[in-house]
There are 2 protein chains.
Amino acid sequence: MQPAEASEGRVMLTDDELGAIDAWWRAANYLSAGQIYLRANPLLRRPLDREDIKPRLLGHWGTSPGLNFCYAHLNRVIAAHDLDMIYVLGPGHGGPAAVANAWLEGTYSEVYPHVSQDAAGMERLFRQFSYPGGIPSHVAPETPGSIHEGGELGYSLAHAYGAAFDNPDLIVACVVGDGEAETGPLATSWHSTKFIDPVGDGAVLPILHLNGYKIANPAVLARIPEEELVALLEGYGHRPILVSGDDPAKMHGLMAAALDEAIEEISEIRRQARHAGATGRPRWPMIVLRTPKGWTGPKEVDGLPVEGTWRAHQVPLAGVRENPAHLAQLEAWLASYRPEELFDTDGRPRTGVLATPPAGDRRMSANPHANGGLLLRDLELPGFRTYAVEVDAPGTTSTEPTRVLGAYLRDVIAANPDSFRITGPDETASNRLSAVFEATDRAWQAETLATDDHLGPHGHVMEVLSEHLCQGWLEGYLLTGRHGLFNSYEAFIHIVDAMFNQHAKWLETTRKIPWRRPVASLNYLLSSHVWRQDHNGFTHQDPGFLDVVMNKKPEIVRVYLPPDANTLLSVADHCLRSRDYVNVIVAGKQPALDWLSMDEAVPHCTRGIGIWDWASTDDGTEPDVVLACAGDITTLETLAAADLLRRHFPDLRVRVINVVDLMRLQPDTEHPHGLPDAEFDALFTTDRPVIFAFHGYPYLIHRLTYRRNGHHNIHVRGYKEEGTTTTPFDMVMLNDLDRFHLVMDVIDRVPGLGSRAAGVRQRMADARLRARAHTREHGEDDPEISGWTWPHGER
Amino acid sequence: MQPAEASEGRVMLTDDELGAIDAWWRAANYLSAGQIYLRANPLLRRPLDREDIKPRLLGHWGTSPGLNFCYAHLNRVIAAHDLDMIYVLGPGHGGPAAVANAWLEGTYSEVYPHVSQDAAGMERLFRQFSYPGGIPSHVAPETPGSIHEGGELGYSLAHAYGAAFDNPDLIVACVVGDGEAETGPLATSWHSTKFIDPVGDGAVLPILHLNGYKIANPAVLARIPEEELVALLEGYGHRPILVSGDDPAKMHGLMAAALDEAIEEISEIRRQARHAGATGRPRWPMIVLRTPKGWTGPKEVDGLPVEGTWRAHQVPLAGVRENPAHLAQLEAWLASYRPEELFDTDGRPRTGVLATPPAGDRRMSANPHANGGLLLRDLELPGFRTYAVEVDAPGTTSTEPTRVLGAYLRDVIAANPDSFRITGPDETASNRLSAVFEATDRAWQAETLATDDHLGPHGHVMEVLSEHLCQGWLEGYLLTGRHGLFNSYEAFIHIVDAMFNQHAKWLETTRKIPWRRPVASLNYLLSSHVWRQDHNGFTHQDPGFLDVVMNKKPEIVRVYLPPDANTLLSVADHCLRSRDYVNVIVAGKQPALDWLSMDEAVPHCTRGIGIWDWASTDDGTEPDVVLACAGDITTLETLAAADLLRRHFPDLRVRVINVVDLMRLQPDTEHPHGLPDAEFDALFTTDRPVIFAFHGYPYLIHRLTYRRNGHHNIHVRGYKEEGTTTTPFDMVMLNDLDRFHLVMDVIDRVPGLGSRAAGVRQRMADARLRARAHTREHGEDDPEISGWTWPHGER
């Protein structure tokens, strides 16, 4: 296995073909530079004047010519082989490039008719770029043909693989910038080669673009010896094809040859795997493209080298409005693309420019995979009620909620074999979703041993110890019109905080773009949560992801805390039907008491919040105190506290409220799920103490309710960053969230409990000491505590 | 360059030497298994009884024997070559291994005298492990010899490099688990080879431990062909030495030979670089160790294979208390280590076991580098007042705050050439800290070109496009007793949310461990913040890191928002002197008005919050309204609003409060910096409207102040997730945080403004429309707005 140096001779392109590719490239480069600089005179029909120049020069020129070069060449192979291909631009700050090509292909004017494919449209195209009220400077949701935002770097290759899964005819060309290649997520994304199936999946064609510099620094992969680079890429499982140079004419030949070779190899891999019975992991081709940064731009400015250096990263000529020499240099640069050959007198691309490109949906800017909502089909969902746990009386039987969910997910997978995937960092089984392995395998293309468990080349459970890959793959899968679920430890989902933020921003933006069709929601299942990581210790105890989620727009974020198996089923069904949201479900995997029958669970989840009458003693009248809870363990402790209160204060009117949908706590002016104040007041009262046992950091409840009338009465217990390796009940005690402490909180806040109050309070404090002593002595919780069940039946 | 297969023959170890290594290994394995299972009968002096077994079996056996194997062999080379070495355990869930070796070395009993090195101590050692009130199940701050927590995976190698920088005599042995190797951060950490200096830095010796399985899945790197693995590691810049097998006797020979070879290569690299004038990046050795998971543990349990499979990951015999066959199997397993040969009748390790190990500070468990506070020296800090900007009148001159800071940091670097580093993802220059390059270079060991800027092999600015590496390197550097600063875009610091969480938890825990000495604080400088990413667009606009930070314990988190250059200097000096904190500084890099002279800045920063009398019109009496601000842009808009209010409502008593230290807002019961209620009330009043212009998401201010008496009067403006590519003033307008809107907020909340109020309100609304129209027309902000200065002088 040797890396190939692409050779010019291999593809015999005619002069016309080469000319058309070069014309497209020059046109795209012209349009890219024009977007950065011009607000008028787009075709240089008169000498460039300072008034033609934008007052504020923004944009990234450095990467744009390379992105355009790839685009022009990919167009040729798409047309030649009628390929179904999309283009992921890792260096997405090269926004001008993506926009330029979409405009040349006509797509831009189709979705934005005011940016017509003529001189007036070209002027608008230039003017709007990085302009107030215009379009972003980077590749963005507004850019046709993109599923990948060009802001935070590192996720292009994971997105590309996500798009390719279950799209057997698709090729995803993915430009990886040499800057981005230094990020962790990208560095591990190369190993996606061990997970993509040449039979059932499409192909990813990575193009590692070495232009040498990041912002001010060289890029690591551009500065290691070629043999080391080749070893690295072969180590990732690729066969790299090298294309290197700066002479456009030569480079066109080399790149055309490299792409033909890569496409041929992909076809051969598919043929072998699909028709010739080949098994085993193929060595997928990839391209290493080494070109100067800011290629074809100014070679020198003010005596300093620019092309091929870090100075070409953004705007290579910065003083155009003030400095006539810079203005002249810009004019010469733009004229070097010979715009008069590229655009007719009306500003339309000439036929020579448009000789090679694909048409219709084959245009990468118009390929429906890059607007996945167009392809989205509803999931076939089994009736979730079928999987219900029988609950004759609340709080008397136990179930592992995620195990029940696993059976449901098994059948979701079975009914949707090509459009539903589960990702996770090797926790699907430990999260007790193992039933899914009755319907599918774990995706795996590397070597297998007899001792392996449910590995298979076509598996639809994607397990890799990289939350970044789990998230990136799933994002790519969803954005191309499919469905899925990411299951993870609650603490470690913070690893993808930044990716969540970016995906949420994508959704926030696409909701305002009519031609972007809704996609399936991104669903998180956070099991192995803070209260049941007593065995793994402090590092595994962090419920703060909810706080990160809540900073994003209310229109797109949803947080669910189903307290038992049936509520989890109901919530999961709801989430899998939803669109354009991020749904976070926090649910337990350990055996937990069943509170609601399915007939009770469905309306409770539909309302998202409600009084549990059977647990309350207020008889529908004004309570003396409200016990509220959100989360499974917190619900358990709250109900156990309600039990204690019945025993010790039989006359106390206690109302128990359970919250499944956290968004209900916000005012309806803040979130579409928010309760109107009147309804909130009817539940929580405006003047009675509320003891709120919350799954996460307590501040979140204050943040959601600070505008409520009764907010000053709400006392929240939650995780206060206390933990270690200990027992489950010790965990809640460490955070003052245990049943005994909740009763103490009630005693401290409800006036008029009478003479017994002090004594009961002392008994609670003693019970805490006894519980701790038992734990220390026996190494496990007092069975009277851990075995507690609800003794009161229905009221 | 060929990978080496370690060969037995190379090192001629005597039988005694081999015997001692094997004895140590067996002892450590015995102690590891003992911790997982036993609460009594630690030396098996009587037949094992079910009552000897812990009721709850927790711990990770699978990785432990491999970690012990490395430890035993590293001890031999340490002793043989008098090496200064520490040990980073990537698979830190193998907590029993780290503890076992520390106990064998005597360190454990030195720091925890009750866990003595005898039978009673061994029983305590076993009993405390993963036990309530005992020690965590993973490697943790409580574990002597560790700078690396074994919770979240992915950061071992970055920590190892951080420890090695500027420690020229140190070797950091770093075991990388094959699970961890799949994470993004680890995958890019290998490229640290391009940043470590063979002259001024120590060495990292990675030991990639392939035991084949993660939790339920195989590991990718264990399942690719060896030639592919070797290519990958060579591609990372290493020369791998392969050690593979399962026969202990053979493996001892192979590992000893491999380690001798690696140590010899490191010595030779150092000699060449330090004494023979070699330049260029060396190919550092590393070891690939392939052994069965759960090596030497049960081969089969209940007829299913365990050793060498995923079933060995945690507790291989789970039913010991209930199942007599399991109990017998455990006893046989423990006996297979021949404890009677290893421990004398008092339970002390016999001299045969202790033949090889290093002594004193050479013990990896006692090496002071792994308790960096022992080595920490105060920074030599130049007087920060020297760098002050002259401010004759507030708000009339402009400065780029980070540029001023850059000069200060330059001199910090110059004065502390071996103990201060700046990390960042290629933004040091763009964050305008470029003065530092007058004192040092960017660290760079790869190829250089003439067009490169300030690269050098000994540079102390570490730039790589991986926030994970920036954070991981700096953590390793700090934990081994040095100082530093991480500068980053505000939005993308979310990339390391999870790493911040884990480091914060480390600090939270170490504060309770007396023998852990305080280390320098982790300092973040977030420039390129949300309000000045108007040119980069929505993806770059996210101030939510502050919310993540605030979830950690008040004892260790600090957030500073200096509004100008002099306050930034004062804050930076304070942060660089602090210990055991995480300090987050948000500061601008764009030209911004100077508000305070240094004589004013110092007391203002010391108080952290204060009334700006010169901007207020309440004459020290009760104000009609309070304008509060935290952040540079928000301070600008607030002062501009105060100016407008003076013009339009000359009789209105306005109080302007600036907050530098966000923690001051919390009650003093919640945070050590918190203001007592009386002081808070004196500043903010309890009954006047407060319009609070906040840098971040507005909820954070509510979260900090919800317990304050006047909280219901606080109206917060902040980032509400609105943004795109636009102008700076349009950004604040999009979020209703502009001067005009703040005036409207005042009008809406202050009663009795008289008949002019409605008219002024309309003028403000019109001013917003005009500002937006100007921006749209001209592509930049109205110069009257962007050029505004404070016109009132001192009062």
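Residues numbered from 1 in each chain as written. Chains lettered and ligands numbered in written order. Predicted model: local features only at pLDDT ≥ 70, side-chain atom pairs only at ≥ 80, totals over all residues. Heavy atoms only, no water.

**Let's talk about the overall build of chain A**
Applicable threshold: Only DSSP runs of H or I covering at least 4 residues are called helices, and only runs of E covering at least 2 are called strands; the numbering of each starts at the N terminus. Only the C-alpha atoms count toward the radius of gyration. The rule for a globule is 2.2 Å times the residue count to the power 0.38. A 1.4 Å probe rolled over the protein chains alone gives each residue an accessible area, and that area as a share of the maximum for its type sets the label: buried under 20%, exposed over 50%, partly exposed in between. Contacts are assigned to residue pairs that have any heavy atoms within 4.5 Å of one another. Computed with a 1.4 Å probe, the accessible areas rest on the Shrake-Rupley method; for each residue, only the protein chains presented here act as cover. By the counting rule applied here, Lys and Arg register as positive and Asp and Glu as negative, while His and the ends of each chain are not counted. To locate a charge, take NZ of a lysine, CZ of an arginine, CG of an aspartate or CD of a glutamate.
Broken down by element type, chain A carries 24 helices and 23 strands. Computed over C-alpha atoms, the radius of gyration of chain A comes to 30 Å, within 12% of the 28 Å expected from 2.2 N^0.38 for 795 residues, which places it in the range of a compact globule. Principal-axis analysis of the C-alpha atoms gives chain A an extent of 95 × 65 × 40 Å. Looking at chain A as a whole, 72% of its 795 residues are labelled buried. In chain A, of all internal contacts separated by at least 6 residues, the share reaching a separation of at least 24 is 78%. Summing over all exposed atoms, chain A offers an accessible surface of approximately 23300 Å²; the carbon and sulfur share of this is 49%. Each charge class in chain A was averaged separately, 73 positive and 106 negative side chains, and the resulting centres sit 4 Å apart.

**Focus on the relation of the copies chain A and chain B**
Rules: The copies were overlaid by least squares, fitting only the C-alpha atoms of residues that reach a pLDDT of 70 or more in each copy.
Of the transformation placing chain A onto chain B, the axial shift is 0.0 Å and the rotation is 180°, giving an RMSD of 0.0 Å. Both copies of the chain, as the preceding transformation shows, are related through a two-fold rotation axis. Taking C-alpha positions as the reference, the residue of chain A nearest the rotation axis is Gly184(A), at 1.9 Å. Taken together, the interface assignments show that 100% of the residues at the interface of chain A recur at the interface of chain B, consistent with an identical surface on both copies.

**Description of the domain arrangement of chain A**
Many authors give the size of an interface as the accessible area that is lost as the parts come together. All names here are of chain A. Rules: Here the bounds of each domain stem from an automatic or database domain assignment. Buried area counts how much accessible surface, traced with a 1.4 Å probe, disappears from two parts once they are put together, with both parts' losses summed. One side-chain nitrogen of Lys or Arg within 4 Å of one carboxyl oxygen of Asp or Glu is enough to make a salt bridge. Any pair of nitrogen or oxygen atoms within 3.5 Å is treated as a polar contact; in protein, a donor-acceptor pairing is required on top of that, and neighbouring residues in sequence qualify only through side-chain atoms on both sides. Polar here means any residue outside two lists: the nonpolar Ala, Val, Leu, Ile, Met, Phe, Trp, Tyr, Cys and Pro, and the charged Asp, Glu, Lys and Arg; Gly therefore counts as polar.
Splitting chain A by domain gives domain 1 (4–296 + 303–353), domain 2 (390–592) and domain 3 (615–786). When each unit is reduced to the centre of its C-alpha atoms, the spacing between domain 1 and domain 2 is 34 Å. Across the domain 1 to domain 2 interface the summed buried area is about 2700 Å²; carbon plus sulfur atoms make up 62%. Of all residues in domain 1, Pro141, Asp166 and Phe195 give up the largest surface area on contact with domain 2, accounting jointly for 26% of the area buried on that side. As a salt-bridge pair, aspartate 166 and arginine 421 come within 2.9 Å of each other at their nearest N and O atoms. The tally of links from domain 1 across to domain 2 stands at 18 residue pairs in polar contact (both at pLDDT 80 or more). Per-element accounting of the side of domain 1 that touches domain 2 gives the leading share, five residues, to helix 6 (residues 156–164). Residues belonging to the side of domain 1 that touches domain 2 are distributed by class as follows: 16 nonpolar, eleven polar and eight charged.

**Some points on unusual backbone geometry**
All names here are of chain A. Positive phi, close to 55°, is recorded for histidine 454, a residue that is not glycine. Mapped onto the elements, histidine 454 comes out in the loop between strand 11 (442–443) and strand 12 (455–456). Residue class for histidine 454 comes out partly exposed when judged on its relative accessible area of 36%. One non-glycine residue, aspartate 580, lies in positive phi territory at about 65°. Topologically, aspartate 580 is positioned in the loop between helix 16 (565–577) and strand 17 (582–586).

**Some thoughts on the sheet that holds strand 23 (residues 714–717) of chain B**
Residue and element names in this part refer to chain B. Note the threshold: Two strands make a pair as long as DSSP finds a minimum of two bridges between them. Inter-axis angles, ranging from 0 to 180 degrees, are taken between N-to-C directions of lines fitted to C-alpha atoms, where helices are fitted over the stretch in contact.
Read across the open sheet, the five strands follow the order 19-21-20-22-23; overall the sheet is mixed. In the strand order of this sheet, the two ends are held by strand 19 (609–611) and strand 23, each with one partner. Recorded for the sheet is a direction-independent mean angle of 20° between the axes of neighbouring strands. Across three bridges, the pairing between strand 19 and strand 21 (residues 654–659) is antiparallel. Bridging across to strand 21, glycine 610 finds its partner in asparagine 658. Against the sheet, helix 18 (residues 632–648) touches strand 20 (625–630), strand 21 and strand 22 (690–694), its axis set at about 155° to strand 20.

**Some remarks on the packing of aromatic side chains**
Residue and element names in this part refer to chain A. Applied cut-off: Aromatic pairs are defined between Phe, Tyr and Trp rings, using the six-membered ring for Trp, whenever the two ring centres lie within 6.5 Å; interplanar angles under 30 degrees are classed as stacked, those over 60 as edge-to-face, and all others as tilted.
Inspection of the entire model under this criterion finds 58 aromatic pairs over all chains. An angle of 70° between the planes, with centres 5.3 Å apart, marks the rings of tryptophan 25 and phenylalanine 69 as edge-to-face. Linking tryptophan 25 in helix 1 (residues 15–37) with phenylalanine 69 in helix 2 (residues 64–81), this pair joins segments that are 44 residues apart in sequence. For tryptophan 25, a relative accessible area of 2% gives the class buried. Here phenylalanine 69 falls in the buried class, since its relative accessible area comes to 0%. With 5.8 Å between their ring centres and 45° between their planes, tyrosine 30 and phenylalanine 343 make a pair best called tilted.

**Quick look at the nonpolar core**
Quick note on the threshold: For the purposes of this section, nonpolar cores are sets of buried Ala, Val, Leu, Ile, Met, Phe, Trp, Tyr and Cys residues that join through side-chain atoms within 4.5 Å.
Membership of the largest hydrophobic core comes to 380 residues, with the highest contact counts inside it found for Leu662(A) and Leu662(B). Those residues within four positions of Leu662(B) in sequence are excluded, and the remaining contacts are Val559(B), Leu561(B), Ala630(B), Phe694(B), Leu700(B), Ile701(B) and Leu704(B).

**Concerning helix 3 (residues 95–104) of chain A**
All names here are of chain A. Taking burial as the measure, the ten residues of helix 3 include ten buried ones, the bulk of the element. Taken together, the buried positions of helix 3 are occupied by Gly95, Pro96, Ala97, Ala98, Val99, Ala100, Asn101, Ala102, Trp103 and Leu104. Those residues of helix 3 that are buried lie in contact with helix 1, helix 2, strand 2 (84–89), helix 4 (107–111) and helix 5 (119–128). Just beyond helix 3, the residue with positive phi is glycine 106, at close to 90°.

**Some details on the interface of chain A and chain B**
Each partner contributes to the interface: chain A provides 117 residues, whereas chain B provides 118 residues. For the pair chain A and chain B, the summed buried area comes to about 9800 Å², and 54% of that belongs to carbon and sulfur atoms. If you look at where chain A meets chain B, you find 16 salt bridges. With a closest N to O distance of 3.0 Å, Glu228(B) and Arg283(A) form a salt bridge. At the surface where chain A touches chain B, the tally comes to 68 residue pairs in polar contact (both at pLDDT 80 or more). Among the elements of the structure, helix 7 (184–189), helix 8 (226–235), helix 14 (497–510), helix 15 (545–550), helix 20 (699–705) and helix 23 (756–778) of chain A are those that each provide at least two residues to the side of chain A that touches chain B. Among the elements that take part in the side of chain A that touches chain B, helix 14 of chain A stands out by supplying seven residues, more than any other. Here the residues of the side of chain A that touches chain B sort into 42 nonpolar, 39 polar and 36 charged.

**Points about the pairing of strand 21 (residues 654–659) of chain A**
Residue and element names in this part refer to chain A. For strand 21, a buried count of six out of six residues is recorded, marking the element as mostly surrounded by other parts of the structure. With burial as the criterion, each face of strand 21 is covered, one bearing Val654, Val656 and Asn658 and the other bearing Arg655, Ile657 and Val659. With five bridges connecting them, strand 20 (residues 625–630) and strand 21 associate as parallel partners. Looking at the pairing, cysteine 629 lines up with asparagine 658 of strand 21.

**Brief notes about the side chain of Asn523(B)**
Residues and elements named next belong to chain B. Note that asparagine 523 resides in strand 15 (residues 522–527). A polar side-chain atom of asparagine 523 sits 3.2 Å from the main-chain carbonyl oxygen of glycine 484. A polar contact is formed between the side chain of asparagine 523 and the side chain of asparagine 583, at a distance of 2.8 Å.

**Side note on the pattern of salt bridges**
Close approach of charged atoms allows side chains with opposite charge to pair. Residue and element names in this part refer to chain B. Applying the stated criterion to the full structure yields 100 salt bridges over all chains. The closest approach of N and O atoms between glutamate 400 and arginine 403, which form a salt bridge, is 2.4 Å. For glutamate 400, a relative accessible area of 19% translates into the label buried. The class for arginine 403 is partly exposed, based on a relative accessible area of 41%.

**Some thoughts on the side chain of Asp745(A)**
All names here are of chain A. By the element assignment, aspartate 745 lies in helix 22 (residues 739–749). Its relative accessible area of 1% is what places aspartate 745 among the buried residues. Discounting residues that sit within four places of it in the chain, aspartate 745 has contacts with Ile691, His715 and Arg717.

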